[in-house]
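Structural characterization, general
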Number of protein chains: 2
Amino acid sequence: MLPDGPVKLPYKLKARRSGIDTGNELVVFMHADCPVCRSEGLRAHTRVLLSFNHHKIVATAHHVYSDMVGMDEIALSESAWRHLDPKPGELLTLAHAPALPSLSAVRGKIYGERLKGTDIDEIVADIVAGRYSDIHSAAFLSACAARPLDPGETAALTRAMVGAGERLTWEFPLVADKHCVGGLPGNRTTPIVVAIVAAFGVPIPKTSSRAITSPAGTADVMATLTSVDLTLPEIRKVVEQESGCLVWGGSVRLSPADDQLIRIERALDIDGSGQLVASVLSKKIAAGATHVVIDFPVGPTAKIRSENDAGHLIGLIEAVAGRFGLEVRAIRTDGTQPVGRGIGPALEAWDVLDVLQGKPDAPNDLRTRAVALAGALLEFTGSVAVGQGTAQADAAVSDGRAWAKFQRICEAQGGLREPPLPGLSRDVPAFASGVVTEIDNRKLAMVAKLAGAPEAVAAGVTIHVRIGDRVSAGQPVFTIHAETAGGLHYSLANMAPLDEIIRLGSLE
Amino acid sequence: MLPDGPVKLPYKLKARRSGIDTGNELVVFMHADCPVCRSEGLRAHTRVLLSFNHHKIVATAHHVYSDMVGMDEIALSESAWRHLDPKPGELLTLAHAPALPSLSAVRGKIYGERLKGTDIDEIVADIVAGRYSDIHSAAFLSACAARPLDPGETAALTRAMVGAGERLTWEFPLVADKHCVGGLPGNRTTPIVVAIVAAFGVPIPKTSSRAITSPAGTADVMATLTSVDLTLPEIRKVVEQESGCLVWGGSVRLSPADDQLIRIERALDIDGSGQLVASVLSKKIAAGATHVVIDFPVGPTAKIRSENDAGHLIGLIEAVAGRFGLEVRAIRTDGTQPVGRGIGPALEAWDVLDVLQGKPDAPNDLRTRAVALAGALLEFTGSVAVGQGTAQADAAVSDGRAWAKFQRICEAQGGLREPPLPGLSRDVPAFASGVVTEIDNRKLAMVAKLAGAPEAVAAGVTIHVRIGDRVSAGQPVFTIHAETAGGLHYSLANMAPLDEIIRLGSLE
C-alpha cells in the first residue's frame, strides 16, 4: 500500500536482492518515482543510511526507471545484501546519510595539516563501516601519499587499523613473522621461509595479502597450492599442529580498513610510506607477532629505489614498531632484478615447489634469499646460535625438512594441490645480441599484469635472463603466459618497448 | 545463439537499457555467467571499453546474477546509454579498457613532480571521454590541491579545458564578463551586474556554474527564474537581441572536463587554486570574453581567507589570463559576512528581484556590491568615463533600466517566472543577548546545504542579523527553510553549535 501524499525519512522499504555485484562498493537501487525519492528529492548518486536490525550501512543510491525495483522496494547490491543480511521482503529503514566529520580532517591533510589520532580513528572507523565512497577513500590515500605521514600519524593509523579488526593471541612466548615491502617480481620467499622456520618449531602464523599493485601477492600464490581463506579457529589449529601457516589475511579481517583500501590503491597504483608501514605493522600486530624480519629490496626499479629511501622507511618502521613493543629487523637486499623465473601466482608457486623439492634446476637466487631471511629469523628469535642461521636454514632445505613441513602445512590447511599451467604462451625474443645491463622490474611486472595476473592465476611472465647474461638476437628473453587469447594479445599490444624492459649493452 | 567454447575479446553483446541512473559515472551490467565473463575472467568492478558506431566509452562493469540481463546482452546505465546512443538489441563491441598512461602523471604529481603540458592534455582528454573512474578523478583533484599547480601548469590546464569543449565567438569588438571566486553565502551579484551592463549595451554573455561546494551557484539561482539550459544558437540569439544572457555553462559544454570534475569536488569539498583558476578562466575564454571583472571576497571564513591568499590567487589569475590575451581586473571585497538575506537558490533569487525592483526593504549590501562591480566593468570596457562607473550603474538600478533589461533577458530565455517559496521554515533564536561579532560563512552555508540546498531549490537559510547588530535572547538570528520535513530535521540535527555560527560579544 503506497502513501498518497509526501512521506518523510526515516522511511521503510522492502528489501530486494538485486543480484548485482558492485565489488565492495555498497550500492542500492530505488525507483525514481517511489514516494521517498519524490518527497525527499533524492538525486542519483545520493548517499543514504540504510538499517536493518542492528546493521547499518551507508550506500550510494542509484535511481531506476524500470520495473527492476518496485515503488515500495529497495534493491541491494550483493555487498550491501551481505552487510545487512535481510530476507527478501523484510523492511529496511532508509534515512539521510550522516554528515562525515572525518572528511574535514582529510581535507586538512590535503592542505598540509597534521592528522590527529582521533581524526585517524574516525577516518578508519568510517572506512570500515563503508561510510566512505570510492571518492573519499581515493582522496584520503592521495593525501597520505602527497603529504607523507610522520611517525606519530603512522602509529595512530597503525593503532586504528589494529583496533578496527580481529586480533590473534597466542600462548607461545614468541611469535615469528616475515614481510617483504615488495616491488620485486618473483621474490616469493615467504612460503619457503615459513616452511624452514616452522620446521625448527618456531611459531610463524603467516597471514599474507593479495597483490596490491603487483602481479602476485603471497596469498595469490598460496591460493594456487592450497586453501588460504581459513577462519580464526582453523588458523589456530594449523599453527598449533604445524607451528606455521600460510593464509590470506583478509579472510580473518585482521585489518579490514586495509582490505578496503587495497582496491583503491590498486586502481591508483599508489602506496604512501606511512600507509605502507601502517598496513604492514597493523597486520603483524593483529596477527600476534613479536619478532618480524622485513625484506627491503633496494633497486632503481624496485619499490624502494635508493638506500636513502630504504633508510627513511626502515626508520619509520622501527620508530612505529617500537611504540607497540614489536621487535623488527630490517634486511636490505638486492632489488635490481626479478627473483626466480616466474612472475604471476601459479608461475611463482612452481618456483617455490622447485626450491623446496631440491630440483636441480630450481632458481638458486630464490633459495639463497629465502635461506638468508629464514636464517636471520632463527637467529633473531634465539632459535639457533648467532652466525649459524643461514647454514642451518639451508640444511633444512637440503635434507627435505622444509619440504616435509610445507606439505604438512598445506595438508592441514585443506590439502596440497598442483598449481595450474598457463593455457597460452608466447616467447619474446631479443632484437639484437648483447649483454643484459638492466631489467626494469616495474615494466616487466606490468607485462605480467597486462597478461591477466593476478586475477588470471596462471598468467604472467617467465624470465630467461639475468643481469650480466649474454643474449643473441632472436633468443627468447622472456615468455608471456595467459589464460586467454585476449590476455595474451592485450599484453603484447600494451607492453612497454622491449629495450625499456630489458636493456642490452654491447658485447665487447 | 551462444557459443559453446571460450570466446575472446573484442566480443559483441546486445545493447539493453538498464534504466539505472548512475549519475555521470558510466556503468555496464553483464551476466556473471555470460561467455565473455567466463572466458576472460572479468571481475566485478573491471573497466571495459565499449564501442558502437564511432562512439567509445570506458565503463565500470558490474556482474549480475539475475535475469536482469541475458547471457548475450550487456545492460547500460542511463549515462552510458546516452553516450553510445544505440537502439535496444543493437550489437555493441566489448574490449579490454585501454591502459591509462596519463595516470602515471597523476601519480607523479602526488609525489611532487610537475605536470607537463602534454600530461595535462592527456588527463583532460581521458576525463572528458569518461576514461577516468571516480577514483582516478578524486586522486587527480587531491593531487592538485595538495601540490598546488604553478602558473605554467595552470595555463596548460586552462588551455586543455578550453580545447576539450565548445567555444563561443562573437562579432562584438569587446565582450564583458564577471566572476566571483565564491565562498560568501548570498553574494548573488551576477544577475544584477548582467542586467546593468547589458542595459548599457555592453555585450555580456554570462555562463554560470551550478554550485560546487556552496548552497547555490548563479545557475541554480537563475534556474528558479527562467530557463538556463540554452543551446549555443539560442544563447547567441538572446545576446544579439539583449546584449546579455544568464545561462548555465554546463549545457553548452564550454568546459566539459570541469563539469565532470564538479561532482567529485562537491563530494570532497575541495577546490585547489590552480584547478579553480583553470575552471574560471577556461569558461571565460571559451565564452569569448575579452574583459573580466573578478570579485574576490576576503574574510576569515570566506573561500579566500586572507589578503595574502587573495594576492597569491590574483597573481596566478593575472599571470595565466595574460597568456590568453584576456584582460582581467580583480576586485577585493569584504568577505567577513554573508550578503543579502537569503542563502539558497530561490531565496537568493528573491533578493535579486527585490534589488532590481527597487523594493524599499531590498538588501542594500547586495545592491552596493553589484553596482560597484558593474561600475568597474563599465569603466574597464570604456563604456562610461573613469570615476563615473558606480554612479551610472546605480542610476540604471534606480530608474528601472536594469529591471527592464533583466525581464527582457529572462523573456528571451523562455520567460520570467516566480521562484518557489519554501514549504517549511523554522526560526533559530539567539540563546543570549549580545552584539554580533562574527558570522561563520562556512558553517552558515552548511546549515543551508543540510536543509537541502542547492538540490532542493526552495531550501536554505534567511539571515536576520549582521555584524555589529544587537540581539536579545530568543530573537531569531536566522531561519531555516526546507522543502521537506526530512531536510528541516536533518539540518537542525546536524548544524554546528549556534555560537560557532554566530558569535555574540557582551553588550557593554
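Attention in this report is confined to the structure presented alongside it. All values reported here derive from a predicted model rather than from experimental measurement. (Residues numbered from 1 in each chain as written. Chains lettered and ligands numbered in written order. Predicted model: local features only at pLDDT ≥ 70, side-chain atom pairs only at ≥ 80, totals over all residues. Heavy atoms only, no water.)

1. Quick look at the packing of aromatic side chains
To keep it simple, the criterion reads: Think of it this way: a Phe, Tyr or Trp ring, Trp meaning its six-membered ring, pairs with another when their centres are within 6.5 Å, and the plane angle makes it stacked under 30 degrees, edge-to-face over 60, tilted otherwise. Each residue is placed in one exposure class: buried if its accessible area under a 1.4 Å probe, protein chains only, is under 20% of its type's maximum, exposed if it is over 50%, and partly exposed if it falls in between. The rule is short: NZ of Lys or CZ of Arg within 6 Å of the ring centre and within 35 degrees of the ring normal puts a charge over the ring.
Taken as a whole and judged by the stated rule, the model has four aromatic pairs over all chains. Summarising the aromatic geometry, the rings of W170 of chain A and F172 of chain A are spaced 5.9 Å apart at their centres and angled 20° between planes, so their arrangement reads as stacked. Given the relative accessible area of 28%, F172 of chain A is considered partly exposed. Between the NZ or CZ atom of R236 of chain B and the centre of the ring of W170 of chain B, over which it lies, the distance is 5.0 Å.

2. Quick look at the nonpolar core
The condition that has to hold: In this text, buried Ala, Val, Leu, Ile, Met, Phe, Trp, Tyr and Cys residues form a nonpolar core when linked through side-chain atoms within 4.5 Å. Residue contacts follow a heavy-atom distance rule, with two residues in contact if any of their heavy atoms lie within 4.5 Å.
Membership of the largest hydrophobic core comes to 64 residues, with the highest contact counts inside it found for F140 of chain A together with F140 of chain B. Ignoring any residue separated from it by four or fewer positions in sequence, one finds F140 of chain B in contact with V106, L115, I123, I127, L157, L261 and Q275 of chain B.

3. Side note on the pattern of salt bridges
Residues and elements named next belong to chain B. Heads up, the condition is: Put simply, a salt bridge is a Lys or Arg side-chain nitrogen that is within 4 Å of an Asp or Glu carboxyl oxygen.
Evaluation of the coordinates by the stated rule reveals 44 salt bridges over all chains. Measuring nitrogen to oxygen at the nearest pair gives 2.6 Å for the salt bridge that ties R131 to D126. The class of R131 is partly exposed, set by a relative accessible area of 26%. Here R401 and D399 are joined by a salt bridge, their closest N and O atoms 2.9 Å apart.

4. Brief notes about the relation of the copies chain B and chain A
Test applied: When the copies are overlaid, the least-squares fit takes in C-alpha atoms only where the residue has pLDDT of at least 70 in both copies.
Here chain B sits on chain A after a turn of 180° about the axis and a move of 0.0 Å along it, with an RMSD of 0.0 Å. Put plainly, the chains are arranged around a two-fold axis. Of all interface residues in chain B, 100% are interface residues in chain A too; the two copies therefore contact each other through one and the same surface.

5. Observations concerning the sheet that holds strand β12 (residues 327-334) of chain B
Residues and elements named next belong to chain B. This is how it is decided: By definition, two strands form a pair when at least two bridges between them are found by DSSP. Under the scheme used here, helices are H or I runs from DSSP no shorter than 4 residues and strands are E runs no shorter than 2 residues, and both carry numbers assigned from the N terminus. Angles here are taken between N-to-C directions and fall from 0 to 180 degrees, while the axes themselves are lines fitted to C-alpha atoms, restricted in helices to the stretch in contact.
Here three strands make up an open sheet; going across it, the order is β8-β11-β12 and the pairing parallel. Each having just a single partner strand, β8 (176-180) and β12 make up the two edges of the open sheet. Between one strand and the next, the sheet's axes are offset by a mean angle of 20°, whatever the strand orientation. Summarising the sheet, strand β11 (residues 291-298) and β12 pair through eight bridges and their orientation is parallel.

6. Here we look at the interface of chain B and chain A
Buried accessible area, meaning the area lost when the parts come together, often serves as the stated size of an interface. Formally: Buried area is calculated as the accessible area (1.4 Å probe) missing from two parts once they are joined, with the contributions of both summed. A 3.5 Å cut-off defines polar contacts: any pair of N or O atoms within that distance qualifies, except that in protein one atom must be a possible hydrogen donor and the other a possible acceptor, and neighbouring residues in sequence count only when both atoms are side-chain atoms.
Contacts between chain B and chain A engage 54 residues on the former and 54 residues on the latter. Taken together, the two surfaces of chain B and chain A that pack against each other cover about 4400 Å², and 62% of this comes from carbon and sulfur. When the area that chain B buries against chain A is broken down by residue, the three leading residues are D21, H45 and I135 of chain B, summing to 13%. Remark: the boundary between chain B and chain A carries zero salt bridges. Counting across the interface, chain B meets chain A through twelve residue pairs in polar contact (both at pLDDT 80 or more). Elements with a contribution of two residues or more to the side of chain B that touches chain A: β2 (20-21), α1 (35-40), β5 (55-64), α3 (102-110), α5 (134-146), α10 (256-268) and α18 (485-494) of chain B.

7. Section: helix α12 (residues 307-323) of chain A
Residue and element names in this part refer to chain A. We apply this condition: A helix is expected to span 1.5 Å multiplied by its residue count minus one. Relevant arc is that of directions from the helix axis to the C-beta atoms, nothing else.
Taking 1.5 Å as the rise per residue, α12 with 17 residues should run 24 Å; its terminal C-alpha atoms sit 24 Å apart, in good agreement. By the burial criterion, the buried members of α12 are A310, L313, I314, L316, I317, V320 and A321. The arc that holds the buried residues of α12, viewed along the axis, is 160°, so those residues lie on one side. Residues N308 and G322 are exposed on α12 and point more than 90 degrees away from its buried face. The inward-facing, buried residues of α12 abut α6 (151-163), α11 (273-286), β11 (291-298) and β12 (327-334). Of the residues flanking the end of α12, it is G325, one or two places downstream, whose phi is positive at about 70°.

8. Section: the side chain of E242 of chain B
Assignment of secondary structure puts E242 of chain B in helix α9 (residues 232-242). Dropping the residues within four chain positions of it, E242 of chain B is found in contact with A198, K405, R408, I409 and A412 of chain B.

9. Brief notes about the sheet that holds β11 of chain A
Residue and element names in this part refer to chain A. Strand order in the open sheet formed by three strands is β8-β11-β12, with parallel pairing between adjacent strands. Bordering the open sheet on either side are β8 (176-180) and β12, each of which pairs with just one other strand. Adjacent strand axes in the sheet meet at a mean angle of 20° when their direction is disregarded. In the packing of α12 onto the sheet, the strands contacted are β11 and β12, and the crossing angle to β12 comes to about 165°.

10. Some details on the packing of helix α7 (residues 190-199) of chain A against helix α14 (residues 364-380) of chain A
All names here are of chain A. In plain terms, the rule: For classification purposes, angles smaller than 35 degrees are called roughly parallel, those larger than 145 roughly antiparallel, those between 65 and 115 roughly perpendicular, and all remaining angles oblique. Crossing handedness is defined as follows: a turn of the near helix away from the far one that is anticlockwise and smaller than a right angle gives a left-handed crossing, while the clockwise case is right-handed. As a working rule, the residues Ala, Val, Leu, Ile, Met, Phe, Trp, Tyr, Cys and Pro are called nonpolar, Asp, Glu, Lys and Arg charged, and the rest polar, with Gly in that last group.
Contact geometry for α7 and α14: axes closest at 9 Å, N-to-C directions at 45°. One finds that α7 runs oblique with respect to α14. α14 is crossed by α7, and the crossing has right-handed handedness. Every residue of α14 that contacts α7 at I192, V193, I196 and V197 is listed here: L366, A370, V371, L373, A374, L377 and L378. Across the contact of α7 with α14, the residue classes tally to eleven nonpolar, no polar and no charged.

11. Section: the packing of α5 of chain B against α10 of chain B
Residues and elements named next belong to chain B. Look at α5 against α10: their axes get within 10 Å of each other, and the N-to-C directions meet at 70°. With respect to their mutual orientation, α5 and α10 come out roughly perpendicular. Across the interface between the two elements, D134, S137, A138, F140, L141 and S142 of α5 pack against L261, R263, I264, E265 and L268 of α10. A per-class count over the contact of α5 with α10 returns six nonpolar, two polar and three charged.

What is shown is where atoms sit, not what they do.
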